[in-house]
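Residues per chain, in single letters:
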Amino acid sequence: MSLRNEPLDWQVETNNLYVPIYHQGNLVGFFKQEYANEIIQFLNEEEVLKKALKKACTDLLKKAGGDTSKVNHLIQKYIKISERPKFGTRAIALLLQERQKELDLNNQEFTKFCDTFKISPTELNNIYAGEPIDDSLLAPIARVLGISKERVQEVRDGAEAEKET
């Protein structure tokens, strides 16, 4: 219950081996007790974050003089750009950034590291800027990341492959 005795969106009842989970008073499923409280906490936090995002986007549209009826479109836009990219240049750029952290190298050191694998500083900057990745860079990127050339190509081209299916 909240401070005003309003029911939370997500609730749990704790008197069984498998406890029922309720959303806004409706039974939605059963979970083991050991997981139920953590799941409910996560789901309630997610609801709060969704409400905060909606309010922030509404405020942004109002301040910009935009149409507040388009708030859901703006929310979806922000969610899409916030998701981890699975395919394309942005995904490879993220993998390179993660590799840099894994190797514990600063930007200058990582640039030199990549250069030893035949990715020039300009090419590296182009990847981070979202430029298309040439086939000639697949093998050097694979060596830097420690994965196969085919896997790098799958990540680079994945969006097109998914559209075809």
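This text follows the structure it describes.
A. Representation of unusual backbone geometry in the model. Even without being a glycine, Gln-24 presents a positive backbone phi close to 50 degrees. Here Gln-24 falls in the exposed class, since its relative accessible area comes to 54%. In the Ramachandran plot, Asp-104 falls in the positive-phi region, its phi being about 55 degrees despite a non-glycine side chain. Counting through the fold element by element, Asp-104 comes out in the loop between α3 (89–103) and α4 (107–116). A residue is classified by how much of its surface remains accessible, and Asp-104, at 67% relative accessible area, is exposed.

B. A look at the packing of α3 against helix α6 (residues 138–145). Running from N to C, α3 and α6 cross one another at 35 degrees; their axes reach a closest spacing of 10 Å. α6 is crossed by α3, and the crossing has left-handed handedness. Where α3 approaches α6, its residues Ile-92, Leu-95, Leu-96 and Arg-99 are matched on the opposing element by Ile-141, Val-144 and Leu-145.

C. Seen up close, a nonpolar patch on the surface. Together, Leu-17, Tyr-18, Leu-27 and Phe-30 line one region of the surface with nonpolar side chains, adding up to about 470 Å² of accessible area. Relative to the helices and strands, Tyr-18 resides in strand β2 (residues 18–23).

D. The environment of Ser-69, seen in detail. Within the secondary structure, Ser-69 is located in the loop between α1 (33–64) and α2 (71–82). Distance in space between the C-alpha atoms of Ser-69 and Thr-58 is 8.7 Å, their sequence separation being 11 residues. There is a polar contact of 2.8 Å between the side chain of Ser-69 and the side chain of Asp-67.

What counts and how
Sequence order as written defines residue numbering, which begins from 1 separately in each chain. pLDDT decides what is reported in this predicted model: residues at 70 or higher carry local features, side-chain atom pairs at 80 or more are listed and counted, and totals for whole chains, interfaces and linings draw on all residues regardless. Excluded from the side-chain calculation are hydrogens and water; included are all heavy atoms of the structure. Throughout, exposure labels follow a simple rule: accessible area from a 1.4 Å probe, protein chains only, divided by the maximum for the residue type, with under 20% read as buried, over 50% as exposed, and the rest as partly exposed. Secondary structure is summarised from DSSP: a helix means a run of H or I of at least four residues, a strand means a run of E of at least two, and numbering begins at the N terminus for each. Only the stretch in contact is used when a helix axis is fitted, and all axes are lines through C-alpha atoms; the angle between N-to-C directions ranges over 0 to 180 degrees. Two helices that cross are described as forming a left-handed crossing if the nearer one is turned anticlockwise from the farther one by less than a right angle, and a right-handed crossing if clockwise. Contact definition: two residues touch when any of their heavy atoms are within 4.5 Å. Any residue with relative accessible area above 30% and no salt bridge may belong to a patch, with like charges joined within 9 Å and the nonpolar Val, Leu, Ile, Met, Phe, Trp and Tyr side chains within 5 Å. Residue burial considers only the protein chains on display, and all accessible areas are found by Shrake-Rupley using a 1.4 Å probe. Should a side-chain nitrogen of Lys or Arg be within 4 Å of a carboxyl oxygen of Asp or Glu, the pair is scored as a salt bridge. Distance and chemistry together define a polar contact, namely a pair of N or O atoms within 3.5 Å, with one atom able to donate a hydrogen and the other to accept it when in protein, and with adjacent residues in sequence counting only for side-chain atoms on both sides.

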